[in-house]
Amino acid sequence: MLTLLSMFYYICLRRRSRSGTRGEALTSRRAVESGQRAVLPVTVEVEQYAKEVLDFSSHYGSENSMSYTMWNLAGVPNVYPSSGDFTQTAVFRAYGKWWEQCASAPPPFRRTPKGFQSQDYIELGFEEPVYPTAVDVLETYYPGAIVQILACSHNPFSQNPPTDVRWEVLWSGEPTKVLTPQARQFSPNIKHISFPTNLLRIEVNSSLLDYYTELDAVILRGVKERPMLALYKMPIIDINDLSDSEEELSDFGGPFRQEAKRTGNGYFDKLPYELIQLILSHLTLPDLCRLAQSCKLLHQHCCDPLQYTQLSLQPYWGRLSDASLGHLQSRCTLLQRLNLSWTGNRGALTLSGFSSFMKACGLSLGSLELSCCHFLNEACLEVISQTCPGLQELNLSSCDRLHPQAFTHISKLTRLRRLVLYRTKIEQTAILSILTFCIELRHLNLGSCVRIDDYDIVASMLAARCRSLCSLDLWRCRNLTDRGLAELVTGCRMLEELDLGWCPTLQSSTGCFQHLARNLPRLRKLFLTANRTVCDPDVEELAASCPSLQHLDILGTRLVSPASLKKLLQACPRLLLLDVSFCSQIDMRVVQELSGLFPNVAIKKSFTQ
């Protein structure tokens, strides 16, 4: 009976939109959009904060603390409605376009859909599955990075293994640059879905932001019983689109009725083979697969292995399965670059499906991106080492569930030039074995690898074996000393990027930072984040010895004066980024003065309200 009443209400609204005035139509639409439900029964809405952080791609914080970590998103707000830079919030590792401009950044993959703009993600579990009615994200600093919110059909707290896992997009949008860094509650209009959920995924793109975005809490609102159409909330109806009159329907397709029936492929098959291949190279992967079903000619072109020398499956992480890889396998025999980042989780990919694909397509593979691939195990890395003899780039970022023993297989990939092990459980024995055999390394990321016992030994091995090293990320390594740093910069003089952020055991009083500057004349990026001992002589030595410097982060030092910063800015004409947040001698007045003198440099100074 209620369903009949709802349908009657909907039909009346459509008739009113055709027969009433424009003002009446708009009034009716506002009534629907505002969700007026005076005569419609509703289920009580449940409001809940995240119970647990289940997975994430990166964070600014440490694996051994709570400051700036994604784990801060669980529970009630810590900061909101205050604004500013607070350690109790969740912060991703990067922002802006600085990281994309570095030598260590890989080139983008072709065929990436324009609609896929996500750079990072976090997955949150909630206590009770509900049919979502609203999602609120409390952003406390530099909002605007959220580009997608998704819901999953799987209950992460269920004891049963996941089956038929579905992801539905609740909301998606473009990355934005909000004019003010002040706190806000982000509450987008979400789509209604057909299943209850207690697992949300938030994806972000921080490329347009001027500083790190900070998130404080996520609220999921919903009802426990599935709302019937129009009983819970009427869908938003565009009055301008309600035109199904007989006259308009009869006009549809009119211009095509007199067209002569064609056979064959027209003039398309007269084009040179190479030109058709060039045209198809601009299609996304789903479009290419659809086009292959249209005719034999295009099927031949769409299945040509030359169309699949680069393959990024990351945009389709929620749909990729063993069957998907099997379907693509025969087309990827010339594959050179493969991106499987974020894929295969919750049983979507298995060892069998991955191994079969790699054995068929790994021979010519040079680059393999596997960030956040939690289906990986030791057997998978063994398959990679056996089937990809020419592999030069391997990204295992945030594969934090891989057993430490699995990383020993990487040492068999002796042609590696780029290796990303950020937030993995690699241990000292494995990394020393890798450095012993992979002497062609140019880019190495060991950020937040907390199981390495002695970074001085690692630095010594790098200096001895990898003298052509171009970039090194040691973000939050806890035990690198001035002795290890001195060996590193003496042996690896080709270094252009060096991240020593949050390395507390390095002390300026030993002269290690001045020694660094004198030995690395090609240096373009240097992060000394949160090292409170960095002082004026260190900055002045950088000004004198590193004229190519582009990115410098000295956040948190108490000993750097405005005068030394001015010398640095004058001596380094290529400088683009200078972070002086929480530098006690550098106030906003100094920042404004230096920004006026050097307008091409983005001088960062965060605040706490």
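Here we summarise the structure given alongside this text. In every chain, residue numbers begin from 1 and rise along the written sequence. Per-residue local features are limited, in this predicted model, to residues with pLDDT of at least 70; the limit for side-chain atom pairs, both in listing and counting, is 80 or more; totals at the level of whole chains, interfaces and linings are taken over all residues. Computation of side-chain values covers all heavy atoms of the structure but excludes hydrogens and water.

Within strand β5 (residues 146-152), seven of the seven residues are buried, which leaves the element mostly enclosed by the surrounding structure. For two strands to be treated as a pair, DSSP must find at least two bridges joining them. By definition, any uninterrupted DSSP run of H or I lasting at least four residues is a helix, any uninterrupted run of E lasting at least two residues is a strand, and each is numbered from the N terminus. Bridge analysis of β5 against strand β8 (residues 197-204) gives five bridges, and the strand direction is antiparallel. For Ile 146, the partnering residue across the bridge sits in β8 and is Val 204. Of the strand pairs in this sheet, β5 and strand β6 (residues 167-172) are connected by five bridges, and their pairing is antiparallel. Directly across from Gln 148, in β6, lies its bridge partner Ser 172. Each residue's exposure class comes from its accessible area (1.4 Å probe, protein chains only) as a fraction of the maximum for that residue type: buried when under 20%, exposed when over 50%, partly exposed otherwise.

A separate point is the packing of aromatic side chains. In summary, the pairing rule links any two rings of Phe, Tyr or Trp, Trp by its six-membered ring, whose centres are within 6.5 Å, and it sorts them by plane angle into stacked for under 30 degrees, edge-to-face for over 60 and tilted for everything else. Inspection of every chain in the model, using the stated rule, returns 19 aromatic pairs. Considering the side-chain rings of Tyr 60 and Trp 475, the 5.1 Å spacing of their centres and the 75° angle between planes classify their relative orientation as edge-to-face. Of this pair, Tyr 60 sits in the loop between β2 (52-56) and β3 (90-91) while Trp 475 is found in the loop between β16 (471-473) and α12 (482-491), placing the two residues 415 residues apart along the sequence. Accessibility expressed as a relative area gives 4% for Tyr 60, which makes it buried. A relative accessible area of 1% places Trp 475 in the buried class. Relative to Phe 186, the ring of Trp 171 lies with its centre 5.1 Å away and its plane at 75°, an arrangement referred to as edge-to-face. Taken as a pair, Trp 171 in strand β6 and Phe 186 in strand β7 (residues 184-186) lie far apart in primary sequence, 15 residues in all. Here Trp 171 and Phe 186 have matching classes, each one buried. Charge over a ring is defined by NZ of Lys or CZ of Arg lying within 6 Å of the ring centre and within 35 degrees of the ring normal. One cation-aromatic arrangement involves Arg 93 over Trp 475; the distance from NZ or CZ to the ring centre is 3.6 Å. Directly above the ring of Trp 502 sits Arg 476, whose terminal nitrogen or CZ lies 4.3 Å from the centroid.

Right, let's talk about the pairing of strand β4 (residues 120-141) for a bit. Across the 22 residues that make up β4, a large majority, 19, are buried. The sheet contact formed by β2 and β4 spans four bridges and is antiparallel. When the sheet's bridge partners are listed, Glu 52 is paired in β4 with Gly 125. Bridge analysis of β4 against β8 gives seven bridges, and the strand direction is antiparallel. Note that in β8 the partner of Tyr 121 across the bridge is Glu 203. For β4 and strand β9 (residues 214-223), the ladder comprises nine bridges, and the chain directions are antiparallel. If you follow Val 137 over to β9, its bridge partner there is Val 218. Of the pairings in the sheet, the one linking β4 to β7 comprises three bridges and is antiparallel in character. Its bridge partner being in β7, Val 137 is matched across the sheet by Phe 186.

What follows concerns the sheet that holds strand β20 (residues 577-579). Spatially, twelve strands are ordered β10-β11-β12-β13-β14-β15-β16-β17-β18-β19-β20-β21 in an open sheet, and the strand pairing comes out parallel. Edge strands, defined here as strands with exactly one partner in the open sheet, are β10 (310-312) and β21 (602-604). Here the average twist between neighbouring strands, direction ignored, is 5°. Relative to β16, strand β15 (residues 443-445) is paired through three bridges, and the arrangement is parallel. Directly across from Leu 444, in β16, lies its bridge partner Leu 472. Note on geometry: axes are lines fitted to C-alpha atoms, helical ones only across the stretch in contact, with angles between N-to-C directions running from 0 to 180 degrees.

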